[in-house]
Amino acid sequence: DVKVTQSSRYLVKRTGEKVFLECVQDMDHENMFWYRQDPGLGLRLIYFSYDVKMKEKGDIPEGYSVSREKKERFSLILESASTNQTSMYLCASSFDSYGYTFGSGTRLTVV
Amino acid sequence: DQQVKQNSPSLSVQEGRISILNCDYTNSMFDYFLWYKKYPAEGPTFLISISSIKDKNEDGRFTVFLNKSAKHLSLHIVPSQPGDSAVYFCAASGNYGGATNKLIFGTGTLLAVQP
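Note that the coordinates shown come from a computational prediction; the quantities given were computed from them, not determined experimentally. (Residues numbered from 1 in each chain as written. Chains lettered and ligands numbered in written order. Predicted model: local features only at pLDDT ≥ 70, side-chain atom pairs only at ≥ 80, totals over all residues. Heavy atoms only, no water.)

Trainee: What is the right way to read the sheet that holds strand β8 (residues 72–77) of chain B from this model?
Mentor: Residue and element names in this part refer to chain B. Across the sheet, five strands lie side by side as β1-β3-β8-β7-β6; this open sheet has antiparallel pairing. Two strands bound the open sheet, and with one partner strand each, they are β1 (4–5) and β6 (56–59). Bridge count for strand β3 (residues 19–25) against β8 is six bridges, and the pairing is antiparallel. Bridging from a neighbouring strand, S19 pairs with I77 of β8. (Pairing = 2+ DSSP bridges. Helix = DSSP H or I, 4+ residues; strand = E, 2+ residues; numbered from the N terminus.)

Below is the structure:
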């Protein structure tokens with residue numbers, strides 16, 4: 001069964017901390033994505049990657065960075081966590097434009 | 001600039017009746033549309049899709065209709081079941097000058113099917 005695995009289901013971090021969210025896929029997909037989901041705002045794209053070491057900004061990249069050193073792993077980094085980054089974070093991977101597989105999400109609370 | 005819009009944040013229907021979820025888009029370069037379903041504390045899962053060369057696609061109880069001239073699509077669920085209660089996201093994709101491999105999602109509609 002193909003999978004996108006996010007390392008943590010729930011995280012609580014303090015304001016100003018550096019936060020790492022990890023995502024691993026086992027489908028050999030080229031494309032990986034980080035979204036955040038907020039009530040009334042839907043899924044908003046933070047960053048995505050077409051290939052190892054490749055990254056592109058999505059719609060809301062401010063305050064975030066990403067790392068893709070290996071094809072199967074895509075990390076989202078909150079450089080200095082703030083309370084407005086409290087959200088549900090969703091990682092996805094895809095082979096093409098049409099078939100996204102999502103992880104179960106990480107609920108991050110910044111206090 | 002919301003390119004994909006779901007104007008109804010929530011919808012409540014009775015079990016056995018039809019659920020109709022609507023989605024509007026603004027970018028005429030979109031050529032593929034998808035619906036995802038999301039339960040709480042889980043990631044979205046793919047439900048059904050439609051290419052812009054079609055106006056209807058059916059899969060069991062789920063049918064998606066596309067009206068390109070109106071830039072509108074809808075998801076019909078017949079008959080609705082309590083297990084269909086979830087948030088439904090509309091998404092669109094296309095070669096619109098940016099990256100070709102990203103989906104643009106709507107804001108979601110929470111469907112509640114009452115037993």
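Trainee: Quick question: what am I supposed to make of the pairing of strand β8 (residues 64–70) of chain A here?
Mentor: Along any regular strand the residues' side chains alternate between the sheet's two faces. Residue and element names in this part refer to chain A. Pairing analysis gives five bridges linking β8 to strand β9 (residues 73–78), with the strands arranged antiparallel. Its bridge partner lying in β9, S65 is registered against I77. Following β8, the chain reverses through two residues before pairing antiparallel with β9.

Trainee: I tried to follow the interface of chain B and chain A on my own but got confused; where do I start?
Mentor: Much of the literature gives interface size as the accessible area that the parts lose upon coming together. Listed as interface residues are 19 residues of chain B and, on the opposing side, 24 residues of chain A. Between the two partners, chain B and chain A, sit zero salt bridges. At the junction of chain B and chain A, the tally comes to six residue pairs in polar contact (both at pLDDT 80 or more). Those elements giving two or more residues to the side of chain B that touches chain A turn out to be β4 (32–38) and β9 (86–93) of chain B. Take the side of chain B that touches chain A: its biggest share by element is four residues, from β4(B). In the side of chain B that touches chain A, the residues fall into nine nonpolar, six polar and four charged. (Contact = heavy atoms within 4.5 Å. Salt bridge = Lys/Arg side-chain N within 4 Å of Asp/Glu carboxyl O. Polar contact = N/O pair within 3.5 Å; in protein donor to acceptor, adjacent residues only side chain to side chain. Nonpolar A, V, L, I, M, F, W, Y, C, P; charged D, E, K, R; others polar.)

Trainee: Sorry if this is basic, but what is going on with the side chain of A:H29 here?
Mentor: All names here are of chain A. Looking at where H29 falls in the secondary structure, it is placed in the loop between β4 (23–25) and β5 (31–38). With a relative accessible area of 10%, H29 lands in the buried category. In terms of polar contacts, H29 uses its side chain to reach the side chain of S93, at 2.8 Å. Setting aside chain neighbours within four positions, we find H29 in contact with R68, K71, S93, S94, F95 and T101. (Buried < 20%, exposed > 50% of the residue type's maximum accessible area, 1.4 Å probe, protein only.)

Trainee: Looking at this structure, I do not really get the side chain of A:S94. What am I missing?
Mentor: Residues and elements named next belong to chain A. Turning to its location among the elements, S94 is positioned in strand β10 (residues 87–94). Relative accessible area serves as the criterion here: at 0%, S94 is assigned to the buried category. Once residues lying within four places of it in the same chain are set aside, the contact partners of S94 are H29, E30, N31, F33, G99 and Y100.

Trainee: Would you mind going over a nonpolar patch on the surface with me for this structure?
Mentor: On the surface, B:I18, B:I20 and B:V78 cluster together into a nonpolar patch covering about 220 Å² of accessible area. Its location among the elements puts B:I18 in the loop between β2 (10–14) and β3. (Patch = residues over 30% accessible without salt bridge, like charges linked within 9 Å, V, L, I, M, F, W, Y side chains within 5 Å. Areas by Shrake-Rupley, 256 points an atom, 1.4 Å probe, with all protein chains shown as cover.)

Trainee: What exactly am I supposed to notice about the state of the cysteines here?
Mentor: In a disulfide, the sulfur atoms of two cysteines are held together by a covalent bond. Inspection of the entire model under this criterion finds two disulfides over all chains. For A:C23, the disulfide goes to A:C91, at an S-S distance of 1.9 Å. A torsion of -80° about the S-S bond marks the disulfide between A:C23 and A:C91 as left-handed. Linking A:C23 in strand β4 with A:C91 in strand β10, this pair joins segments that are 68 residues apart in sequence. A:C91 gets classed as buried once you look at its relative accessible area, which sits at 0%. B:C23 shares a disulfide with B:C90; S-S distance 2.1 Å. Disulfide B:C23-B:C90: the torsion about the S-S bond is -75°, which places it as left-handed. In this pair, B:C23 sits in strand β3 while B:C90 sits in strand β9, placing the two residues 67 residues apart along the sequence. In this structure, B:C23 and B:C90 share a single accessibility class: buried. (Disulfide = S-S within 2.5 Å.)

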